Amino acid sequence: MDPSELAVMAFVALLVFVCLISIARAASTRRAPPLRQPLSARELETASGVETALAALVRRPTVSWFDYGRTDKAAFEALKADLVGLFPRVHAALNRREIGDWALLYEWKGGDAGLAPAILCAHFDVVPADDEEAWTHPPFSGDIAEGFVWGRGSQDVKVTLASILFAAERLLAEGFVPRRTLYFAFGGDEEVGGPLGAGAVGAFLADQGIRAAFLLDEGGPVADGLMPFADRPLALVGVAEKGYLDVAVEASGSGGHASMPPRRTAAGDLARAVAAIEARPSPARLTKTLRAFLEQVAPYSSLSYRLLFRNLWLFSGLVKAAFSATPSSNALIRTTAAPTMLQGSAKENVLADKARANVNVRILSGDSCGRVIERLGRIVAPFGCIARQAYEGLGVEPLPESSVEAEGYLAVESALAASFPEAACVPFLFSAGTDTKHYRYVAENIYRLTPLRQTAGDLAQVHGRDERVSVDNARRCAVFYEKLIRSL
Ligand SMILES: [Zn+2]
């Protein structure tokens, strides 16, 4: 046999070996538990009534604005007063504090002072409802009709606030005392970044030296049909959250009259710099969270996907290419940089002496604000541009990836199994921002989940028109929190 023949045979043998290993790994994936039915309407009876509490909260137009002076403070005060009437046992048994004007903090003392507390979060502000006439039911009607609670905030996220307090109210009625101390932290300005709500609560808890075992805030849905490769709904528990940064890219020119332009202008330089940023996306990376997601979703996937997900050592390139294909999956594997605002001169016939672009950056775990600015600076330098942080002090570093083995995650997983038996619980990267950034130093592990079955259509109503939640879904949410609190 000549050496070239030997080389071919060795190569084929290696290929066969690699194939066998991959298939063996895919096949050895633990079997998924059998598909189960969602809780029936009868099983959800225990949470009957949460929908009326939710509807009452929806009727308060607690819209938050970046200009706090624009806010309807009476609506916020009325909502806070409503809670006392809706949940009398909670208000008799728990310690309620108003932290500034924009937050409520409830403390439910646990039986065992040696255990680190847990924090359950929600927010009671909402985004405005544009185009009110186009809504099927007016946005602040809180109508309960056709099996739904209608209105702004019914999904985002008065439903979790109502569910947490509803669950506590029920448990108090049976004399339940949690083992560990529980805090319910509700902010009133999440939709405008949460500085005076969750920000104030985070600072207050840190001041008290409180370090929670875990915190649960709004986040991923129990995704219904959003991941077509999975054989069942997936409860996407956010264990990581991307960072946030606005970067200003600037070009300088000579200004002057546009009738005699130089060969290069500030506007032209800026345009080339922005095009270069789009042409050079940051490198793709499979984070610890994404690897855990793929690993855990494998048992619920068809064989071909299992082959990919269980063999990242071989197929990570392929997985990265597949994830790069759509904006939503692309955002899971890289720091994204989106040019959002462009500014040149203020007049048609005047050359810009400064041209400026805002680039909105969402930072992947493991990356940082500093590295982003450095990277963008290198990309735009050849075009005579500079990159700098647009607003000092307003960058948010990505939050650390929380453990999927810690007791908090396991408690969420088992509460999900009891309230959404039809779904599988998997860790996920949450690519939007939440209040959790304000609790970075207060909780060991941070999880983000909105325990509602949501389709793509439901999610489009969040911040959109005809926001609504089905009565069954609201009750499932309340059952989830009851199971969770019981297990703590
Ligand atoms: Zn929200």
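Residues numbered from 1 in each chain as written. Predicted model: local features only at pLDDT ≥ 70, side-chain atom pairs only at ≥ 80, totals over all residues.

1. Quick look at the overall build of the protein chain
For step 1, the next point in the chain: When you go through the protein chain residue by residue, the secondary structure sums to 15 helices and 15 strands.
For step 2, the next point in the chain: Based on the C-alpha atoms only, the size of the protein chain along its principal axes is roughly 80 × 75 × 50 Å.
For step 3, the next point in the chain: With 488 residues in all, the protein chain has 45% of them scored as buried.
For step 4, the next point in the chain: The long-range fraction of contacts in the protein chain, counting pairs at least 24 apart against all pairs at least 6 apart in sequence, stands at 81%. (Helix = DSSP H or I, 4+ residues; strand = E, 2+ residues; numbered from the N terminus. Buried ≥ 20, exposed ≤ 12 C-beta atoms within 10 Å, placed from the backbone. Contact = placed C-beta atoms within 7 Å.)

2. What about the environment of G209?
For step 1, the next point in the chain: Mapped onto the secondary structure, G209 falls in the loop between α6 (198-207) and β7 (212-223).
For step 2, the next point in the chain: By C-beta crowding, G209 is classed as exposed, having 7 other C-beta atoms within 10 Å.
For step 3, the next point in the chain: Taking the C-alpha atoms as reference, G209 lies 8.3 Å from V442; in sequence the two are 233 residues apart.

3. What about the environment of P221?
For step 1, the next point in the chain: Structurally, the position occupied by P221 is in strand β7.
For step 2, the next point in the chain: With 24 C-beta atoms counted inside 10 Å, the residue P221 sits in the buried group.
For step 3, the next point in the chain: The spacing of P221 and C385 is 164 residues in sequence and 41 Å in space, taken between C-alpha atoms.
For step 4, the next point in the chain: In this structure P221 touches L236, T450, L452, Q454 and L459, once residues within four positions along its chain are discounted.

4. Let's talk about the packing of helix α5 (residues 158-173) against helix α15 (residues 471-487)
For step 1, the next point in the chain: The geometry of α5 relative to α15 is characterised by a closest axis approach of 8 Å and an angle of 55° between their N-to-C directions. In terms of orientation, α5 and α15 fall into the oblique class. The handedness of the crossing between α5 and α15 comes out as right-handed. Of α15, the residues touching α5 (which contributes V159, T160, S163, I164, F166, A167, A168, R170 and L171) are A474, C477, A478, Y481, E482, I485 and R486.
For step 2, the next point in the chain: When grouped by side-chain class, the residues that make up the contact of α5 with α15 number 11 nonpolar, 2 polar and 3 charged. (Axes fitted to C-alpha atoms, helices over the stretch in contact; angles between N-to-C directions. Parallel < 35°, antiparallel > 145°, perpendicular 65-115°, else oblique. Left-handed = near helix turned anticlockwise from the far one by under 90°. Nonpolar A, V, L, I, M, F, W, Y, C, P; charged D, E, K, R; others polar.)

5. Brief notes about the sheet that holds strand β15 (residues 468-470)
For step 1, the next point in the chain: Taken in spatial order, the 3 strands make up an open sheet running β4-β5-β15, and their pairing is antiparallel. Each having just a single partner strand, β4 (144-145) and β15 make up the two edges of the open sheet.
For step 2, the next point in the chain: Two elements, strand β5 (residues 148-150) and β15, share 3 bridges in a ladder whose sense is antiparallel. By the bridge assignment for β15, F148 is matched with S470.
For step 3, the next point in the chain: Strand contacts of helix α2 (residues 50-58): β4 and β5, with the helix running at about 15° to β5, the strand carrying the most contacts.
For step 4, the next point in the chain: Strands in contact with α15 are β5 and β15; relative to β15, the strand with the most contacts, it is inclined by about 75°. (Pairing = 2+ DSSP bridges.)

6. Regarding the environment of L79
For step 1, the next point in the chain: Counting through the fold element by element, L79 comes out in helix α3 (residues 73-86).
For step 2, the next point in the chain: Among the residues examined, L79 registers 24 C-beta atoms within 10 Å and is labelled buried.
For step 3, the next point in the chain: C-alpha separation for the pair L79 and I164, spaced 85 residues apart in sequence, amounts to 16 Å.
For step 4, the next point in the chain: Apart from residues lying up to four places away in sequence, L79 is in contact with L57, R60, T62 and F124.

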